[in-house]
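A look at the structure
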Amino acid sequence: MLAGKKILLVIAGGIAAFKSLDLIRRLREQGAEVTSVLTAAAEEFVTPLTVSVLTGNKVYRELFDLTDEREMGHIELSRAADLLVVAPATANLIGKMAGGLADDLASTLLMATDKPVLIAPAMNVRMWLHPATQRNVAQLRADGVHFSGPAEGEMACGEYGPGRMSEAHEIAEAVSEALADGPLKGKHIVITSGPTHEPIDPVRYIANRSSGAQGTALARSLMGLGASVTFVTGPATVPPPQGAKVVQVETAAQMHEAVFKALPADAAIFAAAVADWRVVAASGSKIKKDGTGKIAPLNFTENPDILAEVSSAPQRPGLVIGFAAETDDLLKHAEAKLARKGCDWIIANDVSPETGIMGGSENAVTILTAAGADALPRMSKDQVAQQLAARIAEALT
Ligand code: C5P
């Protein structure tokens, strides 16, 4: 339910604008108050009168409107809402948001707001796939903008592919998710996830089989309880969680820097499978076969232990959680790790190949704390995430 929630809906100029009328109805049915802003191009697709009747509110259209500015300035308008929703979000408006442009009322509100933003992209498939749009989308994701869609399907222009705006009910669901309230509201949690890649030369690297699935599921569950999450991820195979502030890194050294930059936090969770070692001096050019049948030995040095360093740092979050992925003597190694790294909890899991856990969809974890060990049964990584998130919420509140 969205009772009492205030939503500022920006409608940009695309044929999908007609679906936004249904979106207004659905949001109001759930108890939300909707105020709308139309771009000049949007008025070619839906009329201000229709939108005003459906929202039951005044429709805002121009930046330099004296009456509007006297009644409610654009800064105030951008702050009065709990959430800004852009549907449809055109390639043009997405570009302006990514570039920080503010040349009309809609883009100015999006720059001026201090509230979360959810966008539902809608455009021709070629425009969506264009590298410029993809760059802009990546930037907005990194900025913590929430996305609904786009979906894949038949387009108004007759082409087929990704770029179709999500259906109104899907956007309404994304609105509920983005406004998730819960015991972790106001708490900032840093999560590391995925593998790291340690270069040998420009084309080769050392990596591991981590998919990033458990860290991503954990981020989603924590955000579902209201937490704001900074998600520092190596090159994972699963996409990063929507709505988190995503920082993409490649090496352990970059992850180390990104984690310290993300502090302070109320909790830090180290789900990444960080490479313990890196090549001392990665070659600047591709290493070639030299005809001897041998390769010059690689020299390794230990990577910084991010978990151990954060655990003893002056900015140490109140709750620091590490993972221990082991193939033998799980509990013995995990207990030793808890003591050695100086963290509060260790989530231990057996990643022997026969368990299928590394890269798989299930996990069986044991939570080790100063109070003892708590073994959870094998379940999906999503369920593990929910169980852990509930315990984290208990510990932080
Ligand atoms: O020492 P080991 O790699 O087994 O420890 C695992 C835990 O330590 C995980 O939580 C992992 O994310 C973290 N770690 C780290 N930096 C490293 C190595 C591990 O944060 N360089």
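Here we summarise the structure given alongside this text. (Residues numbered from 1 in each chain as written. Predicted model: local features only at pLDDT ≥ 70, side-chain atom pairs only at ≥ 80, totals over all residues. Heavy atoms only, no water.)

With respect to the sheet that holds strand 4 (residues 83-89)
Note on sheets: strands pair through backbone hydrogen bonds, and any given pair is parallel or antiparallel. Taken together, six strands build an open sheet; the order of strands is 3-2-1-4-5-6 and the sheet is parallel. This sheet does not close on itself; its edge strands, each paired only once, are strand 3 (59-60) and strand 6 (146-147). Against the sheet, helix 9 (residues 168-178) contacts strand 1 (6-11), strand 4, strand 5 (117-121) and strand 6, and its axis sits at roughly 155° relative to strand 4. (Pairing = 2+ DSSP bridges. Helix = DSSP H or I, 4+ residues; strand = E, 2+ residues; numbered from the N terminus. Contact = heavy atoms within 4.5 Å. Axes fitted to C-alpha atoms, helices over the stretch in contact; angles between N-to-C directions.)

Observations regarding the site of the ligand
Close to the ligand lie F270, A272, V274, D276, P304, D305, I306, L307, G322, F323, K337 and K341. Residue D276 places a side-chain N or O atom 3.4 Å away from an oxygen atom belonging to the ligand. Separating an oxygen atom of the ligand from a side-chain N or O atom of K341 is a distance of 2.8 Å. When isolated, the ligand has an accessible area of 440 Å², and the protein chains bury 88% of it. The set of elements that each furnish at least two residues to the shell around the ligand consists of helix 12 (306-311), strand 17 (319-326) and helix 13 (330-341). (Near = heavy atom within 4 Å. Polar contact = N/O pair within 3.5 Å; in protein donor to acceptor, adjacent residues only side chain to side chain. Areas by Shrake-Rupley, 256 points an atom, 1.4 Å probe, with all protein chains shown as cover.)

Quick word on helix 8 (residues 131-142)
Between its terminal C-alpha atoms helix 8 stretches 16 Å, which fits the 16 Å expected from twelve residues at 1.5 Å a residue. Those residues of helix 8 not exposed but buried are T133, V137 and L140. Viewed end-on, helix 8 has its buried residues packed into an arc of 65°, placing them on one side of the element. At its buried positions, helix 8 is contacted by helix 5 (91-99), strand 5, helix 7 (125-129) and strand 6. Directly beyond the C-terminal end of helix 8, a positive phi value near 90° is found at G144. (Expected span 1.5 Å × (residues − 1). Buried < 20%, exposed > 50% of the residue type's maximum accessible area, 1.4 Å probe, protein only. Arc of directions from axis to C-beta.)

Overview of the pattern of salt bridges
This structure, assessed with the given rule, holds 19 salt bridges. With a shortest N-O distance of 3.4 Å, D22 and R26 are connected by a salt bridge. Taken together, the residues D22 and R26, both in helix 1 (residues 17-29) and four residues apart, mark about one turn of the helix. Look at D22 and you get partly exposed, because its relative accessible area is 26%. R26 gets classed as partly exposed once you look at its relative accessible area, which sits at 27%. Residues D201 and R204 are paired through a salt bridge, measuring 2.5 Å at the closest nitrogen-oxygen approach. It is possible to trace a salt-bridge network through shared partners that takes in D22, R25, R26 and E29. (Salt bridge = Lys/Arg side-chain N within 4 Å of Asp/Glu carboxyl O.)

What to know about unusual backbone geometry
Looking along the chain, the bond that leaves A87 and enters P88 is cis, with omega of -5°. As for its placement among the helices and strands, P88 is situated in strand 4. Of the consecutive residues G149 and P150, the connecting peptide bond is found in the cis state with omega at 10°. Mapped onto the secondary structure, P150 falls in the loop between strand 6 and strand 7 (151-154). Even without glycine at this site, D329 takes up a positive phi of about 45°. Note that D329 resides in the loop between strand 17 and helix 13.

Focus on the pairing of strand 9 (residues 188-193)
For a regular strand, the rule is simple: side chains alternate between the two faces of the sheet. For strand 9, the buried fraction is high: six of the six residues fall into the buried class. Every second residue of strand 9 is oriented toward a common face, with H188, V190 and T192 on one face and I189, I191 and S193 on the other, all of them buried. With six bridges joining them, strand 9 and strand 12 (residues 228-233) adopt parallel strand pairing. Bridging across to strand 12, T192 finds its partner in V232. Bridging between strand 9 and strand 14 (residues 267-270) involves four bridges; their strand directions are parallel. In the sheet register, V190 faces strand 14, and the bridge partner there is A268.

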